[in-house]
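Structural characterization, general
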Amino acid sequence: MEAAAAGVPAVPTPAISLPPLDQHVTVAPSLADDTVAEAPVDDPFLLSLFSADEEPVHPEAIPIVVGTKIKGSRRVERAARRAEAPPKVRITKMPKLARKAKPAKKSRPASTLLSVGALLFSGALLVGTTVPANAFITFADEPVGGAGGSSISDSGPGQTVEVAADATVSALTRDAFTVTSYAEVTREKYGTRASTFVPTTGAVRWPFPYATPISSGFGSRVAPCRGCSSQHHGVDFTPGSGTPIYAVADGVVTESTFGGSFGQHVYLDHVINGQKVESVYGHMIAGSSPLVAGQTVKVGDLIGLVGSTGASTGAHLHLEIHLDGVFVDPFAWLTANAVN
């Protein structure tokens, strides 16, 4: 033996007998194996570990490892995902810094001087264009022609006029003149041609059984209103609003209506002295005429009442006379035909 050879005493090895491989060996447990040593009483932490009861663990809380992933209950999976997810970085907005107050604008001498200069120039320009030039000229008390020139002097008496002793002054005479107002000129040119008439009781009569004023005659005139004619085709009688109007002769109603520039109006056809005559009555009060088309009327029958309907400036009767369709002066025609 090498140990013996080296001088080390040999230790005897006890002989161990092993049972055969095809036999089972039963080892009885020893009481000493299950014995747990008591924890030291002087260490509170270890005492709490050994004395605490074991808490049951829910099966879903036990994670299951499949490959590289952990599966289990939703709580375990959420915890695993939160553990694997990168940490979130929250960006906190920095508080806004208070705006710095703008520094006051520095005065600019150049712009100030320019503004003052512009005002002075405007004032000088105003004075130069409004004040005459000779206001700035001063005249020295010098003789005309300068220092060596001649001066103005009294050369003698001025012109004189000799008047004969028998001369007389005649009184000034002026031409006679009159003043005519514009209204009188207009009335003379465009106004009523005649304004009086004598009522009659014959086959042809005036529309009123008494004399009435006439405001506008036949012919050219100044139009009294918008829509009124400047070439007047009738005569305007003004006896007053509501005055009855009568037929000037026997005839037949061809039109009795309301509308147009005549307002409430009536047209009558007559045959007088073998001639076809048409008379027109306009501007009557609305609904005041009892006549209808086709009705026969006698001279002096009621036509309607004086009004101011249609193109009118006041209550009046507009009377027209047409001879074979031609406008004639009603005043002249009635004067010639309306006899007793």
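Within each chain, residue numbers correspond to sequence positions counted from 1 in written order. For this predicted model, a pLDDT threshold of at least 70 governs which residues receive local features, and a threshold of 80 or more governs which side-chain atom pairs are given and counted, while totals over whole chains, interfaces and linings are taken from all residues. No hydrogens and no water enter the side-chain calculation; it runs on all heavy atoms of the structure.

As annotated in an unreviewed UniProt entry, the chain is M23ase beta-sheet core domain-containing protein from Conyzicola nivalis.

**A word on the overall build of the chain**
As a reminder, the rule being used: A helix here means a DSSP run of H or I that spans at least four residues, while a strand means a run of E at least two residues long, and both kinds are numbered starting from the N terminus. The buried label goes to any residue with under 20% of its type's maximum accessible area, the exposed label to any with over 50%, and the partly exposed label to all in between, with areas taken from a 1.4 Å probe on protein chains only. Contacts are assigned to residue pairs that have any heavy atoms within 4.5 Å of one another. Shrake-Rupley sampling with a 1.4 Å probe provides the accessible areas, and residues are treated as covered by the protein chains on show and by no other component.
Along the backbone of the chain there are seven helices and 14 strands. Residues counted as buried form 21% of the 340 residues belonging to the chain. A separation of at least 24 residues holds for 56% of the contacts in the chain among residues at least 6 apart in sequence. Per element, the accessible surface of the chain, about 26900 Å² overall, is 60% carbon and sulfur.

**Side note on helix H5 (residues 109–130)**
Applicable threshold: A helix is expected to span 1.5 Å for every residue after the first.
With 22 residues, H5 extends 32 Å between its outermost C-alpha atoms, agreeing within 8% with the 32 Å of an ideal straight helix rising 1.5 Å per residue. The buried count for H5 comes to zero of 22 residues, which makes it a mostly uncovered element.

**Things to note about the side chain of serine 288**
What counts is decided by this rule: Side-chain atoms alone can form a polar contact between residues adjacent in sequence; in general such a contact is a pair of N or O atoms within 3.5 Å, and within protein one must be able to donate a hydrogen while the other accepts it.
As for its placement among the helices and strands, serine 288 is situated in the loop between strand S10 (275–284) and strand S11 (296–297). Overall, the relative accessible area of 16% leaves serine 288 in the buried class. In this structure the side chain of serine 288 is engaged in a polar contact, spanning 3.2 Å, whose partner is the backbone nitrogen of leucine 305. Serine 288 has contacts with Gly304 and Leu305, leaving out every residue within four places of it along the chain.

**Some remarks on helix H7 (residues 330–337)**
Inclusion rule: Here, the arc refers to the directions that run from the helix axis to the C-beta atoms.
Burial in H7 covers these residues: Pro330, Phe331, Trp333 and Leu334. Seen from one end, H7 has its buried residues packed into an arc of 165 degrees, which puts them on one side. Looking at the buried side of H7, the elements it contacts are strand S3 (214–216), strand S6 (235–237), strand S9 (264–272), S10, strand S13 (317–323) and strand S14 (326–328). Measuring from the side-chain oxygen of the N-cap residue of H7 to the backbone nitrogen of phenylalanine 331 gives 3.1 Å; that N-cap residue is aspartate 329.

**What to know about the packing of aromatic side chains**
Which entries qualify depends on this criterion: Here a Phe, Tyr or Trp ring, Trp counted by its six-membered ring, pairs with any other such ring whose centre lies within 6.5 Å, and the pair is stacked when the planes are under 30 degrees apart, edge-to-face when over 60, and tilted otherwise.
Enumeration according to the criterion identifies six aromatic pairs in this entry. Taking 6.0 Å as the distance between ring centres and 85 degrees as the angle between the ring planes, the aromatic pair formed by phenylalanine 197 and phenylalanine 237 counts as edge-to-face. Highlighted residues: phenylalanine 197 in the loop between helix H6 (182–190) and S3 and phenylalanine 237 in strand S6, separated in sequence by 40 residues. Each member of the pair, phenylalanine 197 as well as phenylalanine 237, carries the same accessibility label: buried.

**Some words on the nonpolar core**
Generally speaking, nonpolar side chains in soluble globular proteins are found buried as a group. Formally: What makes a nonpolar core is a set of buried Ala, Val, Leu, Ile, Met, Phe, Trp, Tyr and Cys residues whose side-chain atoms join them at distances within 4.5 Å.
One finds Phe237, Ile245, Val266, Leu268, Tyr281, Ile303 and Trp333 to be the most contacted residues of the largest nonpolar core, which totals 31 residues. When contributions to this core are tallied by element, the ones reaching two or more residues are S6, S9, S10, S13 and H7. Among the elements that line this core, the one with the most residues is S13, at four residues. The contact partners of tryptophan 333, leaving out residues within four places of it in the chain, are Val204, Ile272, Val277, Ile321 and Leu323.

**Details of the pairing of S10**
Here is the key point about a regular strand: its side chains alternate between the two faces of the sheet. Selection rule: At least two bridges found by DSSP between two strands is the condition for calling them paired.
With respect to burial, S10 is a largely interior element, seven of its ten residues being buried. A loop of two residues connects S9 with S10, the two strands running antiparallel in sequence, and asparagine 273 in this loop sits at a positive phi of about 55 degrees. Bridge count for S10 against S13 is six bridges, and the pairing is antiparallel. Bridge pairing in S13 places glutamate 278 opposite histidine 322.

**Quick notes on the environment of histidine 316**
Within the secondary structure, histidine 316 is located in the loop between strand S12 (302–305) and S13. Of the residues examined, histidine 316 reaches a relative accessible area of 9% and is grouped as buried. For the pair histidine 316 and isoleucine 214, spaced 102 residues apart in sequence, the C-alpha to C-alpha distance is 9.0 Å. Ignoring any residue separated from it by four or fewer positions in sequence, one finds histidine 316 in contact with Asp236, Phe237, Thr238, Gly282, His283, Val306 and Gly307. Of note is the side chain of histidine 316, whose polar atom sits 3.5 Å from the side chain of serine 312.

**What about the environment of threonine 296?**
With respect to the helices, strands and loops of the structure, threonine 296 is situated in strand S11. Separated by 46 residues in the primary sequence, threonine 296 and aspartate 250 place their C-alpha atoms 7.8 Å from one another. Non-local contacts of threonine 296, meaning those with residues more than four positions away in its chain, are made with Gly251 and Val252.

**Concerning unusual backbone geometry**
For asparagine 273, which is not glycine, the phi torsion reads 55 degrees and is therefore positive. Look at histidine 283: it is not a glycine, yet its phi comes out positive at around 70 degrees. Summarising the element assignment, histidine 283 is placed in strand S10.

**Things to note about the pairing of S13**
Extensive coverage of S13 is indicated by the burial of seven of its seven residues. Neither face of S13 is left uncovered, since the one carrying Leu317, Leu319, Ile321 and Leu323 and the one carrying His318, Glu320 and His322 both have all their residues buried. The pairing of S13 with S14 spans three bridges and is classified as antiparallel. Within S14, the residue paired with isoleucine 321 across the bridge is valine 328. Linkage of S13 to S14, two consecutive antiparallel strands, is achieved through a turn of two residues, within which aspartate 324 is found at a positive phi near 50 degrees.

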